[in-house]
Amino acid sequence: MVSDAVSAPVSKARRAGNGTAYPRYVAGKAGGAVVSLLAVLVTGFFLFRLIPGDPVKTMTGGRPVSAAQLAEYRKQFGLDLPLWEQFTDYCRKALSGDLGMSYQFRTPVIDKITEALPNTLLLTGTAFVLYTTLGMFLGIRSAWRQGRVGDRLNTGLALTLYSVPSFWLGLLLIVVFGVGLGPVPGLFPTGGMESGGEEGFAYVLDVAHHLVLPVITLVAVEYGQTLLVTRSSVLDEMGSDYLTTARAKGLRDDLVRRRHAVPNALLPTVTLVFVNLGRTVAGVILVETVFSWPGLGGLFYQALSVPDLPLVQGLFLFFASAVIIMNTLADLVYPLLDPRVGR
Amino acid sequence: MTTEAGTAGSRALARQRRRRSAVRFWRAYRTHGAGLLGLGALALFTLVALTAPLTVGSDVAGVTDAPGRPLQAPSGEFPLGTDQFGRNLLGLVVWGSRVSLLVGLLAAVLSVAIGAVVGITAGHFKGAYATVLMRITDWFLVMPTLVLAIALATVMSRSLGTVVLAIGVTSWPTTARLVRAQTLTVESRPYIERAKALGGGHWHVMTRHVLPNVTPLILAQTTLMISSSVLAEATLAFLGLGDPTVISWGGLLQDAREAGAVSAGDWWYLVPPGIAIALVALAFTLCGRAVESVLNPRLEVAR
């Protein structure tokens, strides 16, 4: 997906010649990313300061609190300062990694985030590898046999699972395979990440056991998108002359597919996978909530049900920045993978 | 021939053309089996939602005087069982369709309206305005939509309006991009130059020439957007960010979870709302894809 913002620096880069093209492209992308991150920072501030009116009232949640206590809270969270000072203060702190104190846990938000991050990375990483592989594999198969029964089944199933709410699928999997239903015994834990008390290899197995259902849920709701995108990109290459040439020189059908069509088709898929990271974040939040996985998504749910505004704000900044940074990295790697872009 | 007669004649001509293209559209749509299936399912759901006051009535949601005992399994009397207050689940699912469909529809309309305005103006007025607008669109495009919607819904009061707003203002960028691309194509055609040469202003060009040409795209996009809005509404309700006083499918799932239906294995409480959400979302997706491929046979591949 080449947006205008992408193609403008690219066309300039072409004129500049090969030597300086890539550094310029990188500079343009990095500049754009910095602006985007600043926009996230500003949004994070105003979203949580202006709209709710009085954060202290929200914080105390309608409990009867004396005026002295309110003033104390205001001072503690820096809410008695003028808005402009609050903003500069917030920017300075956020840039140095200080995201404020959680109302709920009375610990720094950044500590809660770094604590939960590895768990989320474990869950998301495992699911990401599986759904990308599965989606690409099925997508290529599907496109190669476009219109046949297999393709129809594949696309139909992918579209259906894509329409299923991830949290609902998770709940059903817990009922069937966690709690057990009828003849099916409860095979997997219903939530959490570990049973506790295990060590060494047994601990690894225990975590893997807890990982099964959340990963299945995430893969089921996410692979459809990769499948459809891969299918479209392969279909785009199907009519190409170079495939006719490859066939004309006598290559077997699956060699034509593996060596010629797929490498070209995979490149757009790679970018789209990154552009769609925002959706994956949504899936992770819901799946972690349903399975009580002690990651960032579960933390987000705990924060929003209070509502613990500093924690919601901190996680908002974190998720948004992470997605923007991942997207920028994908943009930077893309021209290296595909010489047709950016050079 | 007076000018007035000329305008009347051209209006009649335009109407005739529109009618003809609608007929052509329907003929092409009819060949898409999946699209027809989706359309049928939608008609059914709409009928159920509209007739709900007659079939189940609003007292189905009342927690006092509930007809059954709490958490009964499906039986002849309660085909889908009962919830933790002893309310009839079949009735609740039927009643919940009203909020789910309404919020989905309103959020999609809001989202597509923002997207269409941004897309048409960004395509029509070039220069700094368009650049800034498209940068904003790109920013919203990569943002994790749900996180933004949750943040919005958290800081605002719990109401259906909040949910509509939270979904609408976070999901418009795709529409804006598509509409802008189409606007650029339309505006490069000679008849736009003619309209400008005859003194047509910005408003005239945008509403009389660009808008009719992007309308099919907007319709297809709305159909697809309702599907994701229904899902988003269910998600927000499930996370407890919806209006707690109304019954919706996502809210039912949240109730089920809070009532311990998951650990007790009360599958009948969980299955129907989820299936309803999935079916509606799927039906709108099927319709949207059919409309898309009728309007632009290459779109399905090119996207």
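Residues numbered from 1 in each chain as written. Chains lettered and ligands numbered in written order. Predicted model: local features only at pLDDT ≥ 70, side-chain atom pairs only at ≥ 80, totals over all residues.

K.L.:
Explanation requested: the overall build of chain A in the structure shown.
P.N.:
Per the secondary structure count, chain A includes 14 helices and two strands. The contacts in chain A between residues at least 6 apart in sequence include a share of 71% that link residues at least 24 apart. (Helix = DSSP H or I, 4+ residues; strand = E, 2+ residues; numbered from the N terminus. Contact = placed C-beta atoms within 7 Å.)

K.L.:
How should the overall build of chain B be read in this particular structure?
P.N.:
Looking only at helices and strands, one finds 12 helices and zero strands in chain B. Its C-alpha atoms give chain B principal-axis dimensions of roughly 75 × 40 × 40 Å. For chain B, the proportion of its 303 residues judged to be buried stands at 47%. Sequence separation of at least 24 residues holds for 71% of the intrachain contacts in chain B that already meet a minimum separation of 6. (Buried ≥ 20, exposed ≤ 12 C-beta atoms within 10 Å, placed from the backbone.)

K.L.:
Which parts of the structure should I look at to understand the nonpolar core?
P.N.:
Note on soluble globular proteins: their nonpolar side chains tend to be buried together. Counting residues in each nonpolar core, the largest one holds 149 residues, and the members touching the most others are Leu 315 of chain A together with Ala 149 and Ile 277 of chain B. The element best represented in this core is helix H11 (residues 267-295) of chain B, accounting for 17 residues. When near neighbours in sequence (up to four residues on either side) are disregarded, Ala 149 of chain B contacts Ala 166, Ile 167, Thr 170, Ala 232 and Leu 236 of chain B. With eight residues, the next largest nonpolar core counts Met 136, Ile 140, Trp 144 and Val 262 of chain A among its residues. (Core = buried A, V, L, I, M, F, W, Y, C linked by C-beta atoms within 7 Å.)

K.L.:
Would you explain helix H2 (residues 33-55) of chain B in this entry?
P.N.:
An α-helix turns once every 3.6 residues. As a result, residues three or four positions apart point the same way. Residue and element names in this part refer to chain B. The terminal C-alpha atoms of H2, which comprises 23 residues, lie 31 Å apart, in line with the 33 Å expected from a rise of 1.5 Å per residue. The largest bend along H2 measures about 35° and falls at Ala 49, with the proline Pro 53 one to four residues further on. Positive phi appears at Gly 57, one or two residues downstream of H2, with a value of about 80°. (Expected span 1.5 Å × (residues − 1). Bend = angle between axes of the 7 residues up to and from the residue.)

K.L.:
I keep staring at the domain arrangement of chain B and nothing clicks. Help me out?
P.N.:
How large an interface is tends to be reported as the accessible area lost when its parts come together. Each assigned domain of chain B is listed here: domain 1 (1-29) and domain 2 (31-299). Taking only C-alpha atoms, the centre of domain 1 of chain B and the centre of domain 2 of chain B are 32 Å apart. (Domains from an automatic or database assignment.)

K.L.:
Even after reading the chapter, I still don't get the confidence of the model for chain B, so can you show me in this structure?
P.N.:
Reading predicted coordinates in detail is not appropriate for stretches of low pLDDT. Residues and elements named next belong to chain B. Considering every residue of chain B, the mean pLDDT works out to 84; 92% of them sit at 70 or more. Confidence, read as mean pLDDT per element, is least for helix H12 (residues 299-302) in chain B (42) and greatest for helix H3 (residues 89-124) (91). In the predicted structure, residues 299-303 sits below a pLDDT of 50 and forms eight contacts with residues beyond four places in sequence or in another chain. Interface confidence for the predicted complex, given as ipTM, is 0.81, next to a pTM of 0.82. (pLDDT = per-residue confidence, 0-100.)

K.L.:
I keep staring at the confidence of the model for chain A and nothing clicks. Help me out?
P.N.:
In the predicted model, chain A carries a mean pLDDT of 80, and 87% of its residues have values of at least 70. The secondary structure element of chain A with the lowest average pLDDT is helix H1 (residues 4-16) of chain A, at 42, and the one with the highest is helix H6 (residues 109-144) of chain A, at 90.

K.L.:
Just checking my understanding: could you explain the environment of Phe 316 of chain A for this structure?
P.N.:
With respect to the element layout, Phe 316 of chain A can be found in helix H14 (residues 309-337). Overall, Phe 316 of chain A belongs to the buried group, with 25 C-beta atoms counted inside 10 Å. Separated by 21 residues in sequence, Phe 316 of chain A and Leu 337 of chain A have C-alpha atoms that sit 31 Å apart. In this view, Phe 316 of chain A contacts Gly 44 of chain A together with Val 147 and Ala 151 of chain B; residues no more than four positions away in its chain are not counted.

K.L.:
Teacher, can you tell me more about the environment of Gly 265 of chain B here?
P.N.:
Relative to the helices and strands, Gly 265 of chain B is located in the loop between helix H10 (249-258) and H11. Given 19 C-beta atoms within a 10 Å radius, Gly 265 of chain B is considered partly exposed. Here the alpha-carbon distance between Gly 265 of chain B and Val 164 of chain B, two residues 101 residues apart in the chain, equals 33 Å. Discounting chain neighbours no more than four positions away, the residues touching Gly 265 of chain B are Val 175, Val 179, Gly 180 and Leu 181 of chain A.

K.L.:
Help me out: how do you make sense of the environment of Ala 246 of chain A in this one?
P.N.:
Residues and elements named next belong to chain A. Checked against the element boundaries, Ala 246 lands in helix H10 (residues 241-248). C-alpha of Ala 246 to C-alpha of Ala 261: the two residues are 15 residues apart in sequence and 9.8 Å apart in space. Leaving out residues up to four positions away in the same chain, Ala 246 has contacts with Leu 251, Val 256 and His 260.

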